[in-house]
Amino acid sequence: MPAKLTTCPPARHLVTMVILAVTLAGCNAQAQDEIARAAARSTTSKVLAQRLPGVPLQPAVNCVIDNASSQQILALAADSVTGPTESTFQIVSGIIQKPETLTCLAAEGLPALLR
């Protein structure tokens, strides 16, 4: 049975985004990107483990993060604080459907699955 998704009230989501922005404000651009990507990886791992059990997690996460826009990365990073929501699943699903993500999954995820 899938875990119940919680929705994040707009005010709570806004607070999360403000906390994330304040945290990132003191960092240089490269550090900001690394922190946001690490947080987004955490969220993406949870989503993929739940929605695609049996798929090699690390290669799939890499493909999703590498093909996400900066806005998608920030949204996924914010969701690492509050936990995955239906919006999180929609974001990851949208990234997975991109041709470049599918190509990556075929090149990186399939060989890992066949090992």
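For the structure itself, look to the data block above.
Throughout what follows, the structure given in this document is the object of discussion. It should be emphasised that the depicted structure is a prediction, and the values quoted were computed from it without experimental measurement. (Residues numbered from 1 in each chain as written. Predicted model: local features only at pLDDT ≥ 70, side-chain atom pairs only at ≥ 80, totals over all residues. Heavy atoms only, no water.)

1. A short note on the nonpolar core
- Judged by nonpolar contacts, the single largest core of 18 residues is most densely connected at Leu48, Ile73, Leu76, Val92 and Ile95.
- For this core, the elements supplying multiple residues, two or more each, are α2 (29-51), α3 (57-66), α4 (70-82) and α5 (86-96).
- The contacts of Leu76, once residues within four sequence positions are left out, are Ala39, Ala40, Thr43, Thr44, Thr88, Ile91, Val92 and Ile95. (Core = buried A, V, L, I, M, F, W, Y, C linked by side-chain atoms within 4.5 Å. Buried < 20%, exposed > 50% of the residue type's maximum accessible area, 1.4 Å probe, protein only. Helix = DSSP H or I, 4+ residues; strand = E, 2+ residues; numbered from the N terminus. Contact = heavy atoms within 4.5 Å.)

2. Brief notes about the environment of Thr43
- Relative to the helices and strands, Thr43 is located in helix α2.
- When the C-alpha positions of Thr43 and Ile73 are compared, they lie 10.0 Å apart, and in sequence the two are 30 residues distant.
- Within polar-contact distance, the side chain of Thr43 engages the backbone oxygen of Leu76 at 2.9 Å. (Polar contact = N/O pair within 3.5 Å; in protein donor to acceptor, adjacent residues only side chain to side chain.)

3. What about the side chain of Thr101?
- Mapped onto the secondary structure, Thr101 falls in helix α6 (residues 99-114).
- Under the relative-accessibility criterion, Thr101 is labelled buried at 0%.

4. Notes on the packing of α4 against α5
- For the pair α4 and α5, the least separation of the axes is 10 Å and the interaxial angle reads 145 degrees. As for how α4 packs across α5, the hand of that crossing is left-handed. Of the residues in α5, those touching α4 at Gln72, Ala75, Leu76 and Asp79 are Thr88, Ile91, Val92 and Ile95.
- Grouping the constituent residues of the contact of α4 with α5 by class yields 5 nonpolar, 2 polar and 1 charged. (Axes fitted to C-alpha atoms, helices over the stretch in contact; angles between N-to-C directions. Left-handed = near helix turned anticlockwise from the far one by under 90°. Nonpolar A, V, L, I, M, F, W, Y, C, P; charged D, E, K, R; others polar.)

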